[in-house]
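Examining the three-dimensional arrangement
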Amino acid sequence: MSHTLAIIKPDAVASGHAGKILAHLEDAGFTVRALRMTRLDQTQAGAFYEVHRDRPFYGELVEFMTSGPVVPMVLEAENAVPKLREVIGATDPAEAAEGTVRKLYAESKGRNAIHASDSDENAAQEISFFFSRHERLGVG
Ligand code: CMP
């Protein structure tokens, strides 16, 4: 079993889709190993998306991710990282496959309902960004 980090983003929390997205992820075979609702400040969101600092959308991304509560969670499954990326669909909901989380709930490339780690290495880093060792209940 491996682990990945998902974040239900402010757009999906605000539109009341957090519960449906969580159920979608559980129905897809993930076990939730840690979860909470929080609100990121500018420093936290800026650090989380540090790799995108030079991208033109960085400011917009940080502003959006601090605009309301988010729901980060640790998910467990076999091949969790690629499996979650398949279940959530392409970054741009217009390109996301039918039945994926982003096809169902995302509004745009920026307001795209959910984040997922893109590698095992980043998953480990992102999990410890949000969850203490105690909260991870033995994961990682
Ligand atoms: P996420 O998986 O959270 O990781 C980086 C995020 O950058 C991505 O989801 C998108 O929400 C965001 N992003 C990527 N491209 C764009 C874009 N062109 N405009 C705004 N946001 C973007």
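Keep in mind that what you see is a predicted model, and the values were worked out from it rather than measured. (Residues numbered from 1 in each chain as written. Predicted model: local features only at pLDDT ≥ 70, side-chain atom pairs only at ≥ 80, totals over all residues. Heavy atoms only, no water.)

1. A closer look at the layout of surface pockets
Where we set the bar: A 1.4 Å probe that fits into a set of points on a 1 Å grid over the protein atoms alone but cannot get out defines a cavity; an open set with protein on both sides within 12 Å along at least five of seven lines defines a pocket, and lining residues are those with an atom within 4 Å of a point. Grid points are joined across faces, edges and corners, and a volume is the space filled by probe spheres set on the points. A helix here means a DSSP run of H or I that spans at least four residues, while a strand means a run of E at least two residues long, and both kinds are numbered starting from the N terminus.
Quantified by volume, the largest pocket comes out at close to 800 Å³. Around the largest pocket, the lining is made up of 29 residues, and of these Y49, H52, F57, L61 and H115 lie nearest the centre. For the lining of the largest pocket, the elements supplying multiple residues, two or more each, are α3 (42-48), α4 (58-65), β4 (114-116) and α7 (120-130).

2. Points about the sheet that holds strand β3 (residues 71-77)
Basically, it comes down to this: Pairing between strands is defined by DSSP: at least two bridges between the two strands are required. Fitted lines through C-alpha atoms serve as axes, helices being fitted only where they are in contact, and the angles separating the N-to-C directions of these axes extend from 0 to 180 degrees.
Pairing is antiparallel in the open sheet, where 4 strands are placed in the order β2-β3-β1-β4. Either end of the sheet is taken by a strand with one partner, and the two such strands are β2 (31-35) and β4. Strand-to-strand twist of the sheet, defined as the mean angle between neighbouring strand axes without regard to direction, takes the value 30 degrees. Pairing of strand β1 (residues 2-8) with β4, which is carried by 3 bridges, proceeds in the antiparallel orientation. Pairing of I7 across the sheet is with H115, part of β4.

3. Points about the pattern of salt bridges
Cut-off, in case you're wondering: Each reported salt bridge corresponds to a side-chain nitrogen of Lys or Arg within 4 Å of a carboxyl oxygen of Asp or Glu. For the exposure calls, accessible area comes from a 1.4 Å probe over protein chains only, and a residue counts as buried if that area is under 20% of its type's maximum, exposed if over 50%, partly exposed in between.
Throughout the structure, instances matching the rule amount to 5 salt bridges. Measuring nitrogen to oxygen at the nearest pair gives 3.3 Å for the salt bridge that ties R36 to E135. On the criterion of sequence distance, the pair formed by R36 in the loop between β2 and α3 and E135 in the segment after α7 is long-range, its members being 99 residues apart. Residue class for R36 comes out partly exposed when judged on its relative accessible area of 27%. The class for E135 is partly exposed, based on a relative accessible area of 33%. Taking the shortest distance from any N to any O, the salt bridge between E98 and K103 comes out at 3.9 Å.

4. Describing α4
Applicable threshold: What the arc covers is the set of directions going from the helix axis to the C-beta atoms. Contacts are assigned to residue pairs that have any heavy atoms within 4.5 Å of one another.
Along α4, the residues that are buried comprise Y58, L61, V62, F64 and M65. Viewed end-on, α4 has its buried residues packed into an arc of 165 degrees, placing them on one side of the element. Every exposed residue of α4 that faces more than 90 degrees away from the buried side is listed here: E60 and E63. Buried-residue contacts for α4 involve β1, α1 (10-14) and α3.

5. A word on unusual backbone geometry
Unusually for a residue other than glycine, N79 sits at a positive phi of about 50 degrees. In this fold, N79 is placed in the loop between β3 and α5 (80-88). Of note in the backbone geometry, A113 takes a positive phi value of approximately 70 degrees without being a glycine. Mapped onto the secondary structure, A113 falls in the loop between α6 (101-105) and β4.

6. Thoughts on the packing of aromatic side chains
Keep this limit in mind: Only rings of Phe, Tyr and Trp enter the pairing, Trp through its six-membered ring, and a pair is recorded when the two centres are within 6.5 Å. The plane angle decides the type: under 30 degrees is stacked, over 60 is edge-to-face, the rest tilted.
As enumerated under the stated definition, the model contains 4 aromatic pairs in all. With centroids separated by 5.0 Å and ring planes inclined at 70 degrees, the aromatic side chains of F129 and F130 adopt a geometry described as edge-to-face. Among the residues examined, F129 registers a relative accessible area of 34% and is labelled partly exposed. Since its relative accessible area comes to 4%, F130 is described here as buried. An aromatic cluster of at least three residues, connected via ring pairs, comprises F48, Y49, F129 and F130.

7. So, the nonpolar core
Across soluble globular proteins, you tend to see nonpolar side chains buried next to one another. Defined as follows: Definition of nonpolar core: a set of buried residues of the types Ala, Val, Leu, Ile, Met, Phe, Trp, Tyr and Cys, connected through side-chain atoms within 4.5 Å.
By size, the foremost hydrophobic cluster in this structure holds 22 residues, and its most contacted members are I8, I21, L25, L84 and V101. Mapped by element, the contributors of at least two residues to this core are β1, α1, α2 (18-27), β3, α5, α6 and β4. For L25, the residues in contact, after removing those within four places along its chain, are F30, M73, L75, L84, V87, V101 and I114. The next biggest cluster of nonpolar side chains, apart from the first, holds 18 residues, and it includes L5, L61, V62 and F131.

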